[in-house]
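Analysis of the macromolecular model
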Amino acid sequence: MAKKTHIDKTRCTACGVCNAIAPDYFDWDDDGLMVEIQSEVAAEDEELVEEAVESCPAQAISLK
Ligand code: SF4
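Below or above, wherever it landed, is the structure these notes cover.

Quick notes on the rules
- Residues numbered from 1 in each chain as written.
- Predicted model: local features only at pLDDT ≥ 70, side-chain atom pairs only at ≥ 80, totals over all residues.
- Heavy atoms only, no water.
- Near = heavy atom within 4 Å.
- 1 Å grid on protein atoms, 1.4 Å probe; cavity = no way out; pocket = protein on both sides within 12 Å on 5 of 7 lines; lining within 4 Å.
- Sits in = over half its atoms within 2 Å of the grid points.
- Nonpolar A, V, L, I, M, F, W, Y, C, P; charged D, E, K, R; others polar.
- Core = buried A, V, L, I, M, F, W, Y, C linked by side-chain atoms within 4.5 Å.
- Buried < 20%, exposed > 50% of the residue type's maximum accessible area, 1.4 Å probe, protein only.
- Helix = DSSP H or I, 4+ residues; strand = E, 2+ residues; numbered from the N terminus.
- Contact = heavy atoms within 4.5 Å.
- Salt bridge = Lys/Arg side-chain N within 4 Å of Asp/Glu carboxyl O.

Before going further, it helps to examine the site of the ligand. Around the ligand, the neighbouring residues are Cys12, Thr13, Ala14, Cys15, Gly16, Val17, Cys18, Met34, Cys56, Pro57, Ala58 and Ile61. A majority-of-atoms criterion places the ligand in the largest cavity. Its residues assigned to classes, the shell around the ligand shows 10 nonpolar, 2 polar and no charged.

Spelled out as structure tokens, the structure:
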């Protein structure tokens, strides 16, 4: 089963690190908040999304 991303909005500072690493998965919405563009992670993108999770300075992204 595909893993899914989730951004904890109470922790996210909208810094943009996750977007820089995995722009197909994370982007700002019209209010300037970071959102999941697609929550289901394709198998071939798992490493990239894991890098985004590990690089988030606020530890706001979960991947399950
Ligand atoms: S890297 Fe973390 S804190 Fe920064 S925008 Fe992404 S989810 Fe938010």
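With that settled, the discussion passes to the nonpolar core. In this structure, Cys18, Tyr25, Phe26, Val49, Ala52 and Ile61 are the most contacted members of the largest nonpolar core, which totals 15 residues. Within the residue set of this core, elements represented by two or more residues are α1 (17–21), α2 (46–55) and β4 (61–63). Setting aside anything within four residues of it in sequence, one finds cysteine 18 in contact with Pro23, Phe26, Met34, Ala52 and Ile61.

Counted by the stated rule, this structure contains 2 salt bridges. For glutamate 46, the salt bridge goes to lysine 3, with nearest N and O atoms at 3.9 Å. Taken as a pair, glutamate 46 in helix α2 and lysine 3 in the segment before β1 (5–7) lie far apart in primary sequence, 43 residues in all. A relative accessible area of 29% places lysine 3 in the partly exposed class. A salt bridge links lysine 3 to glutamate 50, with the shortest nitrogen-to-oxygen separation between them at 3.8 Å.

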